[in-house]
Amino acid sequence: MKDIFETIKNVAFEIDHAIKTEDLGYSESENSSGEEQLKLDVQSDLIIEKAFANVSSVKALVSEEKEGVLELSKTGRYTVCYDPLDGSSLVDVNLSVGSIFGIYEGELEGKNLVASAYVVYGPRIELVIATRESKPMLYLAMDSKFKQLGEITMNEKGKLNASGGTQQHWAEHHKTFIDSLFQEGYRLRYSGGMVPDLHQIMLKGGGLFSYPSTTDKPEGKLRQLFEVIPFALMYEQAGAEAIDDRGERLLELVPSHPHDTTPCFFGSKYEIAALKTAYGING
Ligand code: P6P
């Protein structure tokens, strides 16, 4: 997988450059979830597709911005599922955004995720890579190279609460639970960008990120293959947890369609245990 990680490092610099120089307008097209695409979404997707075109270990690509599977090589071993520029609508207000990569071997489902990576495009470019055998490793871009900064471990209990979704559409028990965390003194940290929001909780000692089932989005908003399962590996390898609203591990999800979404909760052990109690989930 080394060739995949090296490709992601190269892509990170290209997309960062595009963010800082390309037109921020909307393209004429929509993505597979029916969302309007920024020219930057299309540009970032193209950068990734070109970069992986000749990476021998990659069998196929699946993009959050497109329908279907792009077959690259019959001899490749891995399928890379990616969100090229998550939260791209935040670029025009100069907030951090990110790219997310899930590396799967075999059928596209949670148990076949072998590694994941994400890039945060912010005041600095940061990259995090995790495998099934390793804790998440943090890298910082310096002089067009990535410097390894160290492993990420999350505390048993944190202080940050990233509560996603439209509050007027939250279930009553979810609202009561989220409010109880604030009553305990948790700090609201939510930018609307999944990558920086989850990255902050990982690096600042823990807490809870939640994007629940809501009346307007009963199956949640975040995509299983490109966003949720890759971050579930990050959180579990950092010593935290990642579950859905039935208490099932997100790493055990089996999407029936590449663009399926799910309610999702990522957090330190204390917060996930508290959520399970609030949701009436045993164990
Ligand atoms: P809401 C960005 O559009 C995104 O897909 C994720 O990056 C982010 O966590 C979520 O949507 C924010 O959604 O409904 O809270 O604005």
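Here is a short report on the structure shown in this document. Here the residue index of a chain counts from 1 through its sequence in written order. Selection of residues for local features in this predicted model requires a pLDDT of at least 70, selection of side-chain atom pairs for listing and counting requires 80 or more, and totals for whole chains, interfaces and linings are taken over all residues. Side-chain measures here rest on the full set of heavy atoms in the structure, leaving out hydrogens and waters.

### Notes on the sheet that holds strand E13 (residues 207–211)
- At least two bridges found by DSSP between two strands are what make those strands a pair. The secondary structure listing takes helices from DSSP runs of H or I that are at least 4 residues long and strands from runs of E that are at least 2 residues long, numbered from the N terminus. Read from one edge of the open sheet, five strands run E12-E11-E13-E15-E14, paired in mixed fashion. The sheet is open, and its two borders are formed by strand E12 (187–188) and strand E14 (241–243), each paired with just one other strand.
- Relative to E12, strand E11 (residues 160–163) runs parallel, the two sharing two bridges. Among the inter-strand pairings, Asn161 is bridged to a residue of E12, identified as Leu188.
- Together, E14 and strand E15 (264–267) form the strand contacts of helix H5 (residues 224–237), whose direction differs from that of E15 by roughly 25°. Contacts were defined at the residue level, with two residues in contact if any of their heavy atoms lie within 4.5 Å. Axes, fitted as lines to C-alpha atoms, cover a helix only where it is in contact. Angles between the N-to-C directions of the axes lie from 0 to 180 degrees.

### Thoughts on the nonpolar core
- Phe209, Phe231, Tyr235 and Phe266 are the most contacted members of the largest nonpolar core, which has 39 residues in total.
- Counting residues per element, the ones that place at least two in this core are strand E6 (97–104), strand E7 (113–121), strand E8 (125–131), E11, helix H4 (194–203), E13, H5 and E15.
- If one sorts the elements of this core by residue count, H5 sits on top with nine residues.
- Domain start and stop points were drawn from an automatic or database domain assignment. Each of domain 1 (2–151) and domain 2 (160–279) accounts for three or more of the residues forming this core.
- By size, the runner-up hydrophobic cluster in this structure holds 37 residues, among which are Ile47, Leu90, Val119 and Ile125. As used here, the term nonpolar core means buried Ala, Val, Leu, Ile, Met, Phe, Trp, Tyr and Cys residues forming a set that is joined through side-chain atoms within 4.5 Å. Here the term buried applies to any residue with accessible area under 20% of the maximum for its type, exposed to any over 50%, and partly exposed to those in between, with areas from a 1.4 Å probe on protein chains only.

### Some remarks on the pattern of salt bridges
- Note on definitions: salt bridges are taken to be side-chain nitrogens of Lys or Arg within 4 Å of carboxyl oxygens of Asp or Glu. Per the counting criterion, the structure on display carries 16 salt bridges.
- Taking the shortest distance from any N to any O, the salt bridge between Arg77 and Glu105 comes out at 2.7 Å. Remark: Glu105 occurs in the loop between E6 and E7 and Arg77 occurs in the loop between strand E4 (70–71) and strand E5 (78–86); sequence separation between them is 28 residues.
- One salt bridge connects Lys217 with Asp216, and the closest N-O pair in it is separated by 3.8 Å.
- Residue Lys217 is classed as partly exposed on the basis of its relative accessible area of 28%.
- Each of Lys2, Glu6 and Lys9 takes part in one network of salt bridges that share partners.

### Regarding the site of the ligand
- Residues are counted as near a molecule or strand when any one of their heavy atoms sits within 4 Å of it. Lining the immediate surroundings of the ligand are Asp86, Gly87, Gly165, Tyr190, Gly192, Gly193, Met194, Phe209, Tyr211, Lys221, Leu222 and Arg223.
- In protein, a polar contact requires one atom able to donate a hydrogen and another able to accept it; more generally it is a pair of N or O atoms within 3.5 Å, and residues adjacent in sequence count only if both atoms are side-chain atoms. Contact distances for the ligand include 2.8 Å between an oxygen atom and a backbone N or O atom of Met194.
- The separation between an oxygen atom of the ligand and a polar side-chain atom of Tyr211 is 2.7 Å.
- For the ligand, whose free accessible area comes to 400 Å², the fraction covered by protein is 79%.
- For the shell around the ligand, the class distribution of residues is five nonpolar, four polar and three charged. Using a 1.4 Å probe, accessible areas were evaluated by the Shrake-Rupley method; residue-level cover was limited to the displayed protein chains. Residues were grouped as follows: Ala, Val, Leu, Ile, Met, Phe, Trp, Tyr, Cys and Pro as nonpolar; Asp, Glu, Lys and Arg as charged; and all remaining residues, including Gly, as polar.

### Some remarks on the packing of aromatic side chains
- Centres within 6.5 Å make a pair out of two Phe, Tyr or Trp rings, where for Trp the six-membered ring is used; the pair is then stacked when the planes are under 30 degrees apart, edge-to-face when over 60, and tilted otherwise. This structure, assessed with the given rule, holds eight aromatic pairs.
- Seen in terms of ring centroids, Phe52 and Phe101 are 6.5 Å apart; in terms of plane orientation they differ by 55°. Their pairing is tilted. Highlighted residues: Phe52 in helix H2 (residues 39–52) and Phe101 in strand E6, separated in sequence by 49 residues. Comparing Phe52 with Phe101 shows no difference in burial state: the two are buried.
- Between the aromatic rings of Phe209 and Phe266, the centroid separation amounts to 6.0 Å while the plane-to-plane angle is 65°, which identifies the pairing as edge-to-face. Pair noted here: Phe209 is in strand E13 and Phe266 is in strand E15, with a separation of 57 residues, a long-range link. The exposure classification of Phe209 matches that of Phe266, with both residues buried.
- Through successive ring pairs, a cluster of aromatic residues spans Tyr190, Phe209, Tyr235 and Phe266.

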